[in-house]
Amino acid sequence: MQPRLTIVTLNFDPEPTGTAPYTTYLARHLASSGWAVTIVAGTPHYPQWAAYEGYEHGRRRLLTDTTSVLHLQHYIPSRPSLMSRVLMEVHFGLKAMAVDWRDPDVVLFVSPALFSTALALLAQKLRYRNSRSVVWVQDLYARGVEESHASTSHLVVPLRWFEGVVLSATDTVIGIHERFGRYVQDRLGVPSSRVRVIGNWSHIPASSSADRATIRSSFGWNNGEVVVLHAGNMGVKQNLENVVDAARLSDKQGSNLRFVLLGNGNQRRSLEGRAVGISCLQFIDPLPDDQYSMALSAADILLVNERPGLQEMSVPSKLASYFSSGRPVIGAVSRGGATASEIERSGAGIIVPSGDPVGLWEALVVMGQDLTNASQMGENGPAYAREHLSAEAAMCRWEDVFRSLLGT
């Protein structure tokens, strides 16, 4: 008999970044492997925090031979804060509780949507008692509040307790990094026997063999420039004001760096306002996967930038694609944090202090003066990605999780 999987997730295709590409890839892989897959998803809205065209009104169901995707309409905050995000999660969770999940054998909940996960988990316990449950922890909720919302730090202890209760109520918890796994066990109290670690993989195809000079020219990048590219969400967590300030300094110093911010997010408009008059800074809208891959490969240096103080809350999904591109990486992140650990393990990049635009600019100038050496360092990335971050290895681990849950 065909096994049945239901995935409850706020974020899914067609969202191009964040957790959605990973959930979408996993759903399609399992569907092609013989599972009947049902997805109960939110309204596509990320990273611009507005409903995508065609999804503004009511439910939308998409059917194929192997999957059923139901997008539910819910509240979307135009200026997300902790409380508005909680309201969105609760609204989605209540909607998800009320729809048919098609009698699943296994239910997969994708977090950091902790409150919608809690509500949907309650529905699973009441309506689908014979099914097994998995929570996929892409971000640590309480840790994220602790590291990103100083004004709500008094909520950290009750949130940590609540997160522990929710995760402990599931059969299996999947963390995307070893640090997540340890935190879930040590701080949230989930038994180690129920915790597994499966890292995110590179969902972006390898760049084609197109001429690098041609690609650079298509983006307006001159051969004499050192292109520093940051890809992905432009939100509060990324603290991209640091990059804008480094670009302003570079302009004043007359260095040959070109800073590129590729993507979208709720801070983009503010960043564009801050960047007025900076000639060496370029904004590029999100690109299709093949063009995105070409942009990474054609850049000279790839940048990860995070808000000071972030340690454990998340690991940027772009790292897998960065490593696969073979370009050197600079992480303007907290030393000792999960992101810094991943970059150092790869051997494909270096770490500089977060929130220090002068230090970032100086490190970029030094790396840009010896691109041969930097490129040799970047060449460590693809081997690391193949060994630790390949989709094939991740899918094998996921299939093992589901086989264990079904006892097959």
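Refer to the preceding data block for the structure.
Quantities reported herein were computed from a predicted structural model and do not represent experimental measurements.

Novice: Can you break down the pattern of salt bridges residue by residue, with the values?
Specialist: Enumeration over the complete set of coordinates arrives at 17 salt bridges. We note a salt bridge from Asp103 to Arg4, for which the minimum N-O separation is 3.6 Å. Of this pair, Asp103 sits in the loop between helix H2 (82-98) and strand S5 (106-111) while Arg4 sits in strand S1 (residues 4-9), placing them 99 residues apart in sequence. By relative accessible area, Asp103 is classed as partly exposed at 47%. Between Asp139 and Lys237 there is a salt bridge whose closest N-O contact spans 3.8 Å. With Asp139 in the loop between strand S6 (132-137) and helix H4 (141-148) and Lys237 in the loop between strand S9 (226-231) and helix H8 (241-253), this residue pair connects regions lying 98 residues apart in the sequence. On the basis of relative accessibility, which here comes to 17%, the residue Asp139 falls in the buried class. On the basis of relative accessibility, which here comes to 23%, the residue Lys237 falls in the partly exposed class.

Novice: Go over the environment of Gly93 with me, naming the residues and quoting the values.
Specialist: One can find Gly93 in helix H2. Gly93 gets classed as buried once you look at its relative accessible area, which sits at 0%. For Gly93 and Thr117, which are 24 residues apart along the polypeptide, the C-alpha to C-alpha distance reads 6.8 Å. Among all residues touching Gly93, those that are not within four sequence positions of it are Ser116 and Leu119.

Novice: Outline H2, listing residues and values.
Specialist: Helical periodicity: at 3.6 residues per turn, an α-helix aligns residues three or four positions apart in one direction. Relative to the 24 Å expected for 17 residues at 1.5 Å per residue, H2 spans 25 Å between its end C-alpha atoms, a close match to the ideal helical length. Residues of H2 that are buried include every one of Leu82, Ser84, Val86, Met88, Glu89, Phe92, Gly93 and Ala96, and no others.

Novice: Got a sec to walk through the packing of aromatic side chains? Specific residues and values, please.
Specialist: Applying the stated criterion to the full structure yields 13 aromatic pairs. On the numbers, 5.4 Å between centres and 15° between planes, the contact of Trp101 with Tyr128 is stacked. With Trp101 in the loop between H2 and S5 and Tyr128 in the loop between helix H3 (114-127) and S6, this pair connects stretches of sequence that are 27 residues apart. Both rings, one in Phe115 and one in Tyr141, keep their centres 5.6 Å apart while their planes meet at 75°; by these two values the pair is edge-to-face. Of this pair, Phe115 sits in helix H3 while Tyr141 sits in helix H4, and the two are 26 residues apart along the sequence. When its relative accessible area of 8% is taken as the criterion, Tyr141 is described as buried. Here the aromatic residues Tyr22, Tyr25, Trp35, Trp136, Trp201, Trp398 and Phe402 are joined through ring pairs into a cluster of three or more.

Basis of the calculations
Residues numbered from 1 in each chain as written. Predicted model: local features only at pLDDT ≥ 70, side-chain atom pairs only at ≥ 80, totals over all residues. Heavy atoms only, no water. Salt bridge = Lys/Arg side-chain N within 4 Å of Asp/Glu carboxyl O. Helix = DSSP H or I, 4+ residues; strand = E, 2+ residues; numbered from the N terminus. Buried < 20%, exposed > 50% of the residue type's maximum accessible area, 1.4 Å probe, protein only. Contact = heavy atoms within 4.5 Å. Expected span 1.5 Å × (residues − 1). Phe/Tyr/Trp six-rings, centres within 6.5 Å; stacked < 30°, edge-to-face > 60°.

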